[in-house]
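Given next are the chains, with one letter for each unit.
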Amino acid sequence: MSTFTPNDLRRGLRKLRWPLRGTWFGMLSESVVQAFWPLMSVVLLVLAALMLGLQDQVMVEVVWAAIALAAAAGLGAAFYAARRFRIPSMSDAMERLDASLPGRPIQAMLDDAVIGAEDEASMAVWRAHKARMAMRASQARAVPADLRVSRRDPFALRYVAVLAFAVAVIFGSILRVGSVTEMTPGAGGLATGPVWEGWAEPPRYTGKPTLYLNDQAEGALELPQGTLITLRFYGDVGALSLAETVSGRTVDLPAAAAPAQDFAILQDGTIAVEGPGGRVWDVTVRADSPPKVEVLGAAEVAALGEMRLPFAAEDDYGVEAGEARIILDLAAVDRRFGLQTEPDPRAEIVVQLPTPIAGNRASFQENMIDDFSKHPWANLPVKLTLSVLDAAEQQGQSVPTDMVLPGRRFFNPAAAAMIEMRRDLLWSTSNAPRMAQVLRAVSYRPEDVLRSETTALRVKRLIERLEIRASYGLDEEVQNDIAEDLWGLAIELEEGVLADALERLRRAQERLQEAMRNGASDEEIAELMDELRRATEEYLQQLQRQQAQEGQQGEDGQQQQQQGESMQMTQDDLQRMMDRIQELMEQGRMAEAAEALQQLQELMENMRVTQGQQGQGGQSPGEQAMEGLADTLRQQQGLSDQAFRDLQEQFNPNAQAGGNQGNEGRNGGQGRGESHEGQNGQGQGNGEQQGQNPDGTQQGQGQGEEGLAERQEALRDELRRQQGNLPGQGTPEGDAARDALDRAGRAMDQAEQALRNRDLADAIDNQAQAMEALRDGMRSLGEAMAQEQQNQQPGQGTAETDQRAQSRDPLGREQGSNGSSSSEGPLAMGPGGAGRARELLDEIRRRSGETERPEVERDYLNRLLDRF
């Protein structure tokens, strides 16, 4: 057993020397902080105020009051410190150090045994205990100081003082502290002479910094125009005075020796502070030039009338705003027909010019984009003037530009007549009687001009309304209403509300021929050619639906071998013809373009569909299953299309108004071929159309959705029947086809339930999932059939190959057994298909960004974008 001797005690206390000193220093720090934090806060606040120069910004009396308050606060803080400050002793430090150790070993080392001194065994235990305490004491470390004073400073005033002092160190100056001595009574500062201070503050829009004039040497000084000069004189009044010639002031001049001087620099001149320590500057004004704006080129006009006018603007410090003003050039107007009368007073057109949202506005180029098609001055001579404004409210204008105000051009003669009458009405209300006569002449034989009984009825009612109002005078509200009706009629006549593909094709060709005669622009030619391409595509789709109908009739034993001319061409040939027409028109060779268009028209109208189906008598089970699934997919697509139209009608009930034409556009032309709903042209034999009751009245929305739900249920039952007849059972491809059709069935069930709940958006989403699963199933089934063919002997499948070779549409595309275009042929994967897909995606993105559309529709469109 170890023993503990007095030498061991001395060695143990020597080891405690540095921990003991560290603990003592920490206790001293605690005493200083806890006693002197109020005094330190007061000192830091006073120094911050002096370094920031607050004493120079207020009256002397305020400075004296602040000095008295600071002195009182300092005395109170010193008294607080005197009462609480104590210098700790070494015994206090040892006590704290001993208390920080377990078992208080230091005190145990210093203790002596009171009893049992004669018992050697007891003393041995005592010495072992002290040795253990000495070992524990040797591990002592200095006790950290507790500098927290949050209990004594609950409002954290010490941090406010530290923050103020940090701000003063960064933004202030220690040299300003001495200026307070000059404000005390009897101070010797005034004995050394008067002093002055000055600042030059340029306008904020220049971005230039404020200058401290005391730091500026005498001599030349260049400052921006409008710079504010501030001078302050301290000392005896009259000891310092000001002489300046830069402000141009002649009246209400303050005294030259006034202690406060403020003025703006407007011209070159001198600024002189006369008196002890004064200075003189020769000031040169940096002039702020007015902004400039100019038109960079002729206005570009889009096919639908949107104008794009390039312009450039610049200014020394940046353009703040701009506008374009357009006035009618009455002297250049061809004053004939409806323009003979004096025009009604009309305000000039004012359009705000676009400016860069971010970046430098000192010099930039932008485009003014606007559509003036509906303005009364559209396509009339006008004068255009651009003006811009800078921050100094200086204005710059461009040279007035003579131009014809761009607007949409109408190539349909009836539509152009409506637009001309609209212009005459807005030109002067006195043209109303003449307008009625012209409209009666235009609509004398409506079947030759207006092409629609509904449009003819609208024109008739418009004429009657115009004649009645003209008798009693037209006010501005009625004038605008009639003008809006005329615009709507012109748009309808120009664009048409036709559902028949052949009529739409002829319509597009007529508009293109009219554009050739009237000299259309390149943008208008491109727009009309796009319309012709779309109409051609719709016409070919109608031909394919007719072929599918003829093939279905052949299944009932009524096949007839069609003898006659059958034309076949590729889409590349058709595309080259239309590109050639557009190229000839852009080159101005209108006669050749008209001849090529006539050839295209004859080609399209004489086109016939080849007989591509040979019946199902010799079809294999796999082919029958594939045809059935294709028919199911087509019918599901028709249901989805009609559900989407119903969703649009919920938020825009008038969108499909208009009798038979509206319903025809809704159902894709039932009774003239294959409908969207997949009825294979049978439509509804009693003449009723989907969405109407037998008496011609419109069905309720809920009734239509119930009908869709029933048809969705029937389609689900048909798919269930087809699933039982699928070939390829047991093969990986056949199992994959069955799994895909199971997914399609579940999606159809969910779509049916959503339709019964009148949730069209959810139904459309589920129908899209069902169609995607059907495509996956057909793809897997095709792979299973291909695998079976590979296992057959050579020579089998020749009849099927011959049949596919004969089944082609007018563009040379292979067709499916149901008459629709194959999705696996080379044409479907060509650039035309990819371009059409891009156009569809761009259109979906455009519609999803239109905030005026219903939220449900935009959510559906966004889901389409997420999926594809």
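A brief structural summary. Every chain is numbered independently, its residues counted from 1 as its sequence is written. Confidence filtering applies because this is a predicted model: local features only for residues at pLDDT of at least 70, side-chain atom pairs given and counted only at 80 or more, and all residues used for totals across whole chains, interfaces and linings. Only heavy atoms go into the side-chain values, all of them from the structure, while hydrogens and water stay out.

**Some points on the overall build of the chain**
Selection criterion: Runs of H or I in DSSP of at least four residues are treated as helices and runs of E of at least two as strands, each being numbered from the N terminus. In what follows, residue pairs with any heavy atoms lying within 4.5 Å of each other are defined as contacts.
If you tally the helices and strands in the chain, you get 24 helices and 17 strands. For the chain, restricting intrachain contacts to residue pairs at least 6 apart in sequence, the fraction spanning at least 24 positions comes to 71%.

**Focus on a positive patch on the surface**
The condition is simple: Patches here are clusters of residues that have more than 30% relative accessible area and form no salt bridge, with a 9 Å joining cutoff for like charges and a 5 Å cutoff for nonpolar side chains (Val, Leu, Ile, Met, Phe, Trp, Tyr). For every accessible area listed, the method is Shrake-Rupley and the probe measures 1.4 Å; residues are considered covered only by the protein chains on display. We define a salt bridge as a side-chain nitrogen of Lys or Arg found within 4 Å of a carboxyl oxygen belonging to Asp or Glu. His is not counted, nor are the chain ends, whereas Lys and Arg count as positive and Asp and Glu as negative. Where a charge lies is defined by one atom per residue type, namely NZ (Lys), CZ (Arg), CG (Asp) and CD (Glu).
A cluster of basic residues, Arg10, Arg14, Arg17 and Arg21, forms a positive patch on the protein surface. Among the secondary structure elements, those contributing two or more residues to the positive patch are α1 (6-15) and α2 (17-51). One can find Arg14 in helix α1.

**Side note on the nonpolar core**
Within soluble globular proteins, side chains that are nonpolar generally end up buried alongside one another. So the rule is basically this: Definition of nonpolar core: a set of buried residues of the types Ala, Val, Leu, Ile, Met, Phe, Trp, Tyr and Cys, connected through side-chain atoms within 4.5 Å. With a 1.4 Å probe rolled over the protein chains alone, any residue whose accessible area is under 20% of its type maximum counts as buried; one over 50% counts as exposed, and the rest are partly exposed.
Ranked by size, the top nonpolar core spans 34 residues in total, and within it Leu629, Leu719, Leu774 and Leu781 carry the most contacts. Of all the secondary-structure elements, those providing two or more residues to this core are α17 (621-651), α19 (701-723), α20 (732-756), α21 (760-791) and α24 (855-867). Here the element with the most residues in this core is α21; it accounts for 10 residues. If near-sequence neighbours (up to four positions away) are discounted, Leu629 is found in contact with Leu719, Gln722, Leu726, Leu741, Met778 and Leu781.

**What about a nonpolar patch on the surface?**
Residues Leu163, Val167, Val169, Ile170 and Phe171 make up a contiguous nonpolar surface patch of about 530 Å² in total accessible area. With respect to the helices and strands, Val167 occurs in helix α7 (residues 157-171). We classify Val167 as partly exposed; its relative accessible area is 33%.

**Concerning helix α4 (residues 90-99)**
Think of an α-helix as 3.6 residues a turn; residues three or four steps apart then line up on the same face. Note the following rule: For this quantity, the arc is that covered by the directions from the helix axis to the C-beta atoms.
Here α4 has its buried residues at Ala93, Leu97 and Asp98. Here the buried residues of α4 occupy an arc of 130° about the axis, which is enough to place them on one side.

**Observations concerning the pairing of strand β4 (residues 228-234)**
Put simply, the rule reads: Whether two strands pair depends on DSSP finding at least two bridges between them.
With 7 bridges joining them, strand β1 (residues 195-201) and β4 adopt antiparallel strand pairing. Bridge pairing in β4 places Val195 opposite Tyr234. Pairing between β4 and strand β6 (residues 260-264): 5 bridges, direction antiparallel. Note that in β6 the partner of Leu231 across the bridge is Gln261.

**Quick notes on the side chain of Glu244**
What counts here: Under this definition, polar contacts are N or O atom pairs within 3.5 Å; protein pairs additionally need one hydrogen-donor-capable and one acceptor-capable atom, and for neighbouring residues in sequence, both atoms have to be side-chain atoms.
Inspection of the secondary structure assignment puts Glu244 in strand β5 (residues 241-244). Among the polar contacts made by the side chain of Glu244, one reaches the side chain of Ser247 at a distance of 2.7 Å. Sequence-distant contacts of Glu244, that is, excluding residues within four places in its chain, are made with Arg249, Phe263, Thr270 and Ile271.

**Regarding the environment of Gly588**
Relative to the elements of secondary structure, Gly588 occurs in the loop between α15 (571-586) and α16 (590-605). Looking at Gly588, the relative accessible area reads 49%, which means it is partly exposed. For the pair Gly588 and Gly519, spaced 69 residues apart in sequence, the C-alpha to C-alpha distance is 8.4 Å.

**Here we look at unusual backbone geometry**
Generally, phi is negative for residues other than glycine and the peptide bonds are trans, each holding for most cases. The phi torsion at Arg104 lies on the positive side, around 45°, for a residue other than glycine. Tracing the chain through its elements places Arg104 in the loop between α4 and α5 (105-110). What makes Arg104 partly exposed here is its relative accessible area of 32%. Backbone geometry at Glu393 places phi at a positive 60°, although glycine is not the residue there. The exposure class assigned to Glu393 is exposed, which follows from its relative accessible area of 66%.

These values are about where atoms sit, not about what they do.
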